[in-house]
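# Fold and contact review
Now for the letters of each chain:
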Amino acid sequence: MDREERYAYGLKVLNEVDGEAGQRVVASLADVSPELGHQVVAWAFGDMYARPELSPRDRQLVTLGVLTALGGCEIELDVHLNAALNVGLTATEIAEALLHSAVYAGMPRAINATLVAKKVFAERGLSPVQNLS
C-alpha cells in the first residue's frame, strides 16, 4: 500500500476501535504536527492495530496496561477506555485489569487510571461497577 492507502485503511480501523475520540486526537495534532497524526492513523492503526494475531479486545487490554504502567497518559487512557468498551470489554473487566495493574505498576498509577475509568464509565452510564469478589 502507498502512504494514502495506509492512511485510509488506518482511518477505517481507528473509527472501528476509537470512533470519534480517536478522530479528535488526530484533529488535535493537525496544527502542530500533522505528520504525527498521520502516523497515529497509518502506522498505529493501519499497521499495528490491524494485525490479526490479537483481537481488538486483547489489544485494548494490553494498551490499558501499558498506559497505566507508563503513568501520565490520562488523555490516552480516556480514549482507550472508551475503545475498550467499544470492542467488547465490560466495565467490570476493565476495573479488574486496572486493579491488577497495581501489582506491577504501583498503586498511584492504578488509582490514576481507575479515576479516568470512573469518568468514562459515568459518561457512558456504566457506574457503579460491581466487583465479582
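Cut-off values and rules
Residues numbered from 1 in each chain as written. Predicted model: local features only at pLDDT ≥ 70, side-chain atom pairs only at ≥ 80, totals over all residues. Heavy atoms only, no water. Core = buried A, V, L, I, M, F, W, Y, C linked by side-chain atoms within 4.5 Å. Buried < 20%, exposed > 50% of the residue type's maximum accessible area, 1.4 Å probe, protein only. Helix = DSSP H or I, 4+ residues; strand = E, 2+ residues; numbered from the N terminus. Contact = heavy atoms within 4.5 Å. 1 Å grid on protein atoms, 1.4 Å probe; cavity = no way out; pocket = protein on both sides within 12 Å on 5 of 7 lines; lining within 4 Å. Points joined across faces, edges and corners; volume = space filled by probe spheres on them. Nonpolar A, V, L, I, M, F, W, Y, C, P; charged D, E, K, R; others polar. Expected span 1.5 Å × (residues − 1). Arc of directions from axis to C-beta.

### A short note on the nonpolar core
Core analysis: the biggest nonpolar cluster contains 16 residues, and L64, L77, L81, I94, L98 and F121 have the highest contact counts within it. Contributing elements (two or more residues each) for this core: α4 (56-70), α5 (74-86), α6 (91-105) and α7 (107-123). Per-element accounting of this core gives the leading share, five residues, to α7. Aside from chain neighbours lying at most four places away, what touches I94 is L64, L81, A84, L85, L89 and F121.

### Regarding the environment of V13
Following the sequence through the fold, V13 ends up in helix α1 (residues 3-17). Residue V13 is classed as buried on the basis of its relative accessible area of 6%. As for V13 and V41, which are separated by 28 residues in sequence, their C-alpha atoms are 8.4 Å apart. Residues in contact with V13, not counting those within four places in the same chain, are F45, Y49 and A50.

### Remarks on the layout of surface pockets
Looking at the largest pocket, its volume works out to about 600 Å³. In this structure, the largest pocket is lined by 24 residues; those nearest its centre are A44, F45, Y49, T63 and H80. Put simply, the parts of the chain that give the lining of the largest pocket at least two residues each are α2 (20-29), α3 (34-49), α4 and α5. Among the elements that line the lining of the largest pocket, the one with the most residues is α3, at eight residues. Here the lining of the largest pocket is built from residues that sort into 17 nonpolar, four polar and three charged. Approximately 270 Å³ is the volume attributed to the second largest pocket. Among the elements of the structure, α6 and α7 are those that each provide at least two residues to the lining of the second largest pocket. For the lining of the second largest pocket, a count of residues per class yields eleven nonpolar, three polar and two charged.

### Considerations on α7
In this model, α7 (17 residues) spans 24 Å end to end at C-alpha, consistent with the 24 Å of a helix rising 1.5 Å per residue. Here α7 has its buried residues at A110, A113, V116, A117, V120 and F121. Down the axis of α7, the sector holding all buried residues measures 140°, keeping them to one side. Seen from the open side of α7, the exposed residues pointing more than 90 degrees away from its buried face are M107, P108, L115, K118 and E123. Where α7 terminates, the next one or two residues include G125, which has phi positive at roughly 70°.

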